[in-house]
Amino acid sequence: MTSSSLTTGRLELAIEGMTCASCVKRVQNALAAVPGVSQANVNLATETAQVELRDADPQALVAAVARVGYEARPLTADDHHAEALAGQRAAEADRLKRAFGWSLALTLPVFILEMGSHLLPPMHHWVMDTLGQQNSWLLQFVLTTLVLIGPGRAFFSKGFAALARRAPEMNSLVALGSGAAWAYSVVATFAPQWLPEASRNVYFEAAAVIVTLILLGRMLEARAKGKTGAAIQRLIGLQPRTARVLRDGQAVDIPIERVRMGDTVMVRPGEKVPVDGEITEGHSYVDESMLTGEPVPVEKQAGDQATGGTLNTSGSFSLRVTHTGSDTVLARIIRMVENAQGARLPIQALVDQVTAWFVPAVMAAAALTFLAWLIWGPSPVLSHALVAAVAVLIIACPCAMGLATPTSIMVGTGRAAELGVLFRQGDALQSLRDVRTVAFDKTGTLTLGKPTLTDIAPAAGMDRDTVLAWLAAVQARSEHPIAHAIVNAAREQGLSLAPAEGFEAITGAGVRARVQGRTIVAGAARLMQAEQVDVTGFGDLARQWGDAGKTPIYVAADGRAVAMMAIADPVKPSARAALRALHGLGVRAAMITGDNPHTAAAVARELGIDDVRAEVLPDGKVEALESLRAAYGKVAFVGDGINDAPALAAADVGIAIGSGTDVAIEAASVVLMAEDLRGVPNALAISQATMRNIRQNLFWAFAYNAALIPVAAGVLYPAFGLLLSPIFAAGAMALSSVFVLGNALRLKALRPLGDQA
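None of these values were measured; they are calculated from a predicted model.

1. Remarks on the overall build of the chain
Of the regular secondary structure elements, the chain holds 28 helices and 25 strands. Residue burial in the chain is summarised as follows: out of 757 residues, 53% are buried. Residue pairs at least 24 apart in sequence account for 69% of intrachain contacts in the chain once pairs closer than 6 positions are excluded. Entry remark: accessible area of the chain is about 32,400 Å², with carbon and sulfur atoms responsible for 57%.

2. Side note on the sheet that holds strand β1 (residues 7-16)
If you trace the four strands from one edge of the open sheet to the other, you get β2-β3-β1-β4, paired in antiparallel fashion. In the strand order of this sheet, the two ends are held by β2 (37-43) and β4 (71-75), each with one partner. On average, each strand axis in the sheet is tilted by 30° relative to the strand beside it, whichever way the strands run. Two elements, β1 and strand β3 (residues 48-56), share seven bridges in a ladder whose sense is antiparallel. Note on β3: the bridge partner recorded for Leu 13 is Ala 49.

3. A word on the nonpolar core
Counting 128 residues, the largest nonpolar core has Leu 31, Val 438 and Phe 440 as the members making the most contacts within it. Looking at which element gives the most residues to this core, the answer is helix α26 (residues 679-713), with 11 residues. Leaving out residues up to four positions away in the same chain, Leu 31 has contacts with Leu 13, Val 37, Ala 40, Val 42, Ala 49, Val 51, Leu 61 and Val 65.

4. A closer look at the UniProt feature "transmembrane region" (unreviewed entry) in the chain
According to UniProt, the feature "transmembrane region" (unreviewed entry) maps to residues 99-117, 137-161, 173-195, 201-220, 354-376, 382-405, 698-717 and 723-745 in the numbering used here. Summarising residues 698-717: 85% helix, 0% strand, and an end-to-end C-alpha distance of 28 Å. Span residues 723-745 is 87% helix and 0% strand, its end C-alpha atoms 34 Å apart.

5. Here we look at the packing of aromatic side chains
By convention here, two paired aromatic rings are described through the distance between centres and the angle between planes. Overall, the coordinates contain eight aromatic pairs when judged by the stated rule. With a centroid separation of 5.9 Å and an interplanar angle of 55°, the aromatic rings of Tyr 184 and Tyr 203 are classed as tilted. You can see Tyr 184 sitting in helix α7 (residues 170-190) and its partner Tyr 203 sitting in the loop between α7 and α8 (204-228), a full 19 residues away along the chain. Taking 4.5 Å as the distance between ring centres and 35° as the angle between the ring planes, the aromatic pair formed by Trp 700 and Phe 739 counts as tilted. Here Trp 700 is found in helix α26, whereas its partner Phe 739 is found in helix α28 (residues 726-745), with 39 residues between them in sequence. Judged by its relative accessible area of 31%, Trp 700 is partly exposed. Here Phe 739 falls in the partly exposed class, since its relative accessible area comes to 39%. Grouped by ring-pair contacts, the aromatic residues Phe 141, Trp 182, Phe 190 and Phe 204 constitute a single cluster. Residue placement shows Arg 588 over the ring face of Tyr 632; its charged tip is 4.1 Å from the ring centre.

6. Comments concerning the sheet that holds strand β15 (residues 452-458)
The antiparallel open sheet is built from six strands, whose spatial order is β15-β20-β19-β18-β17-β16. Pairing within the sheet leaves two strands with one partner each, and these edge strands are β15 and β16 (500-506). For this sheet, the mean inter-axis angle between neighbouring strands, taken without regard to orientation, is 20°. As paired elements, strand β17 (residues 510-515) and strand β18 (residues 518-523) share six bridges and run antiparallel to each other. Each residue of the ladder has a partner; that of Gly 510, found in β18, is Gly 523.

7. Topic: the packing of helix α13 (residues 381-395) against α26
Where α13 contacts α26, the two axes come as close as 8 Å, and the packing angle between them is 165°. One finds that α13 runs roughly antiparallel with respect to α26. For the pair α13 and α26, the sense of crossing is right-handed. From α13, Ala 388, Ala 391, Val 392 and Ile 395 reach across to α26, where they touch Tyr 704, Asn 705, Leu 708, Ile 709, Ala 712 and Ala 713.

8. Some thoughts on the side chain of Gln 430
Residue placement: Gln 430 occurs in helix α15 (residues 428-431). Excluding residues within four positions of it along the chain, Gln 430 makes contact with Leu 345, Pro 346, Ile 347, Ser 687 and Met 691.

9. Quick word on the packing of α13 against α28
Here α13 crosses α28 at 5°, and the two axes come no closer than 8 Å. As judged from the angle between their axes, α13 and α28 are roughly parallel. Within the contact between the two elements, α13 uses Val 387, Val 390, Ala 391, Ile 394 and Ile 395 and α28 uses Pro 726, Ala 729, Ala 730, Ala 732 and Met 733. Tallied by class, residues from the contact of α13 with α28 come to 10 nonpolar, no polar and no charged.

10. So, a nonpolar patch on the surface
Where nonpolar side chains cluster on the molecular surface, the patch consists of Leu 368, Leu 371, Leu 374, Ile 375 and Trp 376 and spans about 580 Å² of accessible area. By relative accessible area, which is 34% here, Leu 374 ends up partly exposed.

11. Notes on the environment of Leu 173
Relative to the elements of secondary structure, Leu 173 occurs in helix α7. Sequence separation between Leu 173 and Ile 395 is 222 residues; the distance between their C-alpha atoms is 9.0 Å.

12. A closer look at helix α6 (residues 153-164)
With 12 residues, α6 ought to run about 16 Å at 1.5 Å a step, and its terminal C-alpha atoms sit 17 Å apart, in line with that. Buried residues of α6: Phe 155, Phe 156, Gly 159 and Ala 162, and no others. Buried residues of α6 fall within an arc of 145° about the axis and therefore sit on the same side. Among the exposed residues of α6, those oriented more than 90 degrees off its buried face are Arg 153 and Ala 164. Positive phi appears at Arg 166, one or two residues downstream of α6, with a value of about 60°.

13. With respect to the pairing of β3
One ladder, built from six bridges, connects β2 with β3; its direction is antiparallel. Among the inter-strand pairings, Asn 41 is bridged to a residue of β3, identified as Gln 50. What sits between the antiparallel neighbours β2 and β3 is a turn of four residues, in which Glu 47 has the positive phi angle 55°.

14. Considering unusual backbone geometry
For residues that are not glycine, phi is negative in most cases, and the peptide bond is trans in most cases. Note the cis peptide between Ser 379 and Pro 380, where omega equals -5°. Among the secondary structure elements, Pro 380 is positioned in the loop between α12 (348-376) and α13. Even without glycine at this site, Gln 516 takes up a positive phi of about 50°. As for its position among the elements, Gln 516 is in the loop between β17 and β18.

Conventions used here
Each residue is numbered by its place in its chain's sequence as written, counting from 1. Residues qualify for local features only when their pLDDT is at least 70, as the model is predicted, and side-chain atom pairs are given and counted only at 80 or more; totals for whole chains, interfaces and linings, by contrast, use all residues. Note that the side-chain values use all heavy atoms of the structure and ignore hydrogens as well as water. Strands are runs of DSSP state E lasting at least 2 residues, helices are runs of H or I lasting at least 4, and numbering of each runs from the N terminus. The rule is simple: take the accessible area with a 1.4 Å probe, protein chains only, and divide by the maximum for that residue type; under 20% is buried, over 50% is exposed, in between is partly exposed. Two residues form a contact once any of their heavy atoms are found within 4.5 Å. A 1.4 Å probe and the Shrake-Rupley method give the accessible areas. Residues count as covered only by the protein chains that appear here. Two strands are said to pair when DSSP picks up at least two bridges between them. The axes are straight lines fitted to the C-alpha atoms, using for helices just the contacting stretch, and the angles between their N-to-C directions are given from 0 to 180°. For the purposes of this section, nonpolar cores are sets of buried Ala, Val, Leu, Ile, Met, Phe, Trp, Tyr and Cys residues that join through side-chain atoms within 4.5 Å. UniProt positions are given in the numbering used here, feature names are shortened, and annotations may be inferred rather than shown by experiment. We call Phe, Tyr and Trp rings a pair once their centres come within 6.5 Å, taking the six-membered ring for Trp, and we label the pair stacked below 30 degrees between planes, edge-to-face above 60, and tilted otherwise. Cation placement over rings: the criterion is NZ of Lys or CZ of Arg within 6 Å of the ring centroid and within 35° of the ring normal. Here roughly perpendicular refers to angles of 65 to 115 degrees, roughly parallel to angles under 35, roughly antiparallel to angles over 145, and oblique to all remaining angles. Each crossing gets its hand from how the near helix is turned against the far one by less than a right angle, where anticlockwise is left-handed and clockwise is right-handed. Charged means Asp, Glu, Lys or Arg here, nonpolar means Ala, Val, Leu, Ile, Met, Phe, Trp, Tyr, Cys or Pro, and polar covers whatever is left, Gly included. Like-charged residues are merged into a patch within 9 Å and nonpolar side chains (Val, Leu, Ile, Met, Phe, Trp, Tyr) within 5 Å, provided each residue has over 30% relative accessible area and no salt bridge. Salt bridges are identified by distance alone: a Lys or Arg side-chain nitrogen within 4 Å of an Asp or Glu carboxyl oxygen. Under the convention used throughout, the expected extent of a helix is 1.5 Å for every residue step, that is, one less than its residue count. What the arc covers is the set of directions going from the helix axis to the C-beta atoms.

And the structure:
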């Protein structure tokens, strides 16, 4: 091994051949034992392993997985594992459907011959008179053997191989159970003298029905698994396969993989934007709902960014390619969802502790059951012992345990992605459930982040538009955000602006210039006082605006007050509905802002915020979070700016607005793809629903085994004469996995909160 083959960082592997929680534990232990591996997480639902490496050889990981009986291959950023997995699952479902069909066709005659004879006396007499008992058993032997070596062959090849490695798993239990029933029946058929006369019974129907029912369960399971990855499939389906690129002056359609950075791509009406880029020519409206959830198309023109996978609804345009392949926004979203779906939650530790000993314990329980019936069971003891032991082996397969957590995570995070919520770190799915307070940054998070002119109050005898045109003419020379708000308001109203002369910015107070022969001064009250301009007539209105969180700006012309205007940073339209939904979930809302207490209190009153921390400098946000955590418990922080990154990282769960800075998004564990704050309560609701779903699945998986293993062993027989048939055991085992998957799929129906703004 050379140093060049060593890798540091995170590596993802595709794992093939896992069927239950025991498989997961075995692969995970094998990977963790490889030198240089600091952490390994194996997921049954996504059939992947995420491995943290420090100078380790990827091929050593593949070899370690092979040694325990499974196949592995490294995945790269460009690998479409989810897409390939969906294809594999569809093919597997088809294969299982065919196998189940053949198994059912072969099993039905066996079941009818044996069970029909037991239950219906006329059927028994007909079989005895036409076939005879020995011929009936011979026919059952042929048909059951065909079931076991045909549709059921995989149970035996995989199950006995695992036994040979001293690492039994669910296939081993099925192989031992059905194999024991078949072997006992073969002896009763061909060498009955080896058995006591009272025990000369055949159980071919049990062996055949066990295989058939488990194949049915696996077929239904494969179909349900295909549905759990539907969200990823929809995201992958958004990626166009070709792009119309200008090459040598000609527009040619080429596969998306051949598009290069800097290429010029033509996008026609009704087409999807193939890759990320900057529009260089043209004008259109683009439907970005796949990113933001907003149904209204966004206007795009030269200089704007377009995202691959969005839909061009009207005009045509050209764009210069800025990102391709795994660097596009859509590819990064898919990667985030895949990472979240493959996450390992702390609750999984409970499953690991149980599955580490579960299959060997079941085999031991089956052996003890067999011995107990031989010693204390009624006649025929051998038959009773066999039935009870086989029932224990079959009913205890740990499929449901292995699927309980990962399937809920897959469906929950997939539904979250459909609602515009991306869990970058899977453990946030569990942490968010326990959050008691959500703290918001104000500017750019709760508010739009840009000042807007909200009110104009002209003095007596003055025209509103005239005053606005004067002030806008002055502010057109300024770069201040408030100046932009005033100029934009004038332009939106179609006002023409005269040139301003002698412009002067008065630091921290306002501006001065001459417009159309008048000296215009605008700014705060202290500037008016310095200029000896009387503004007492606006006093009551100024106090009202201040209480509403608005900033008053006075305008004077030639030393006389002519108007007062209000500038505010409006709250986002979705903020009120988001905070109502949070309160509906029993979660407190807090606000951390650098604004003065007066403005902060006004925003808090408007939105119904429970706790306000004002005049907090960027480096004080972490301290404010610690204070909230000490007062109320776990806290999430929602922000969008570079100065929010420390708080996002320090919070129990950091939630970044997707339109914010890359630094903020990297520091967060949850990302909202749109600026719609209703994504915050949606994230909490999804977390709560998913964790509730996981607890239901785990309860079912554990309670099912805890309750039915003793029943299968015969604990009810002394009191009620009840002994569980291996056939019913196989049916119950198959249904347990289907139940867990079906319960997880209910998360697909989660509805967004706070739909009403």
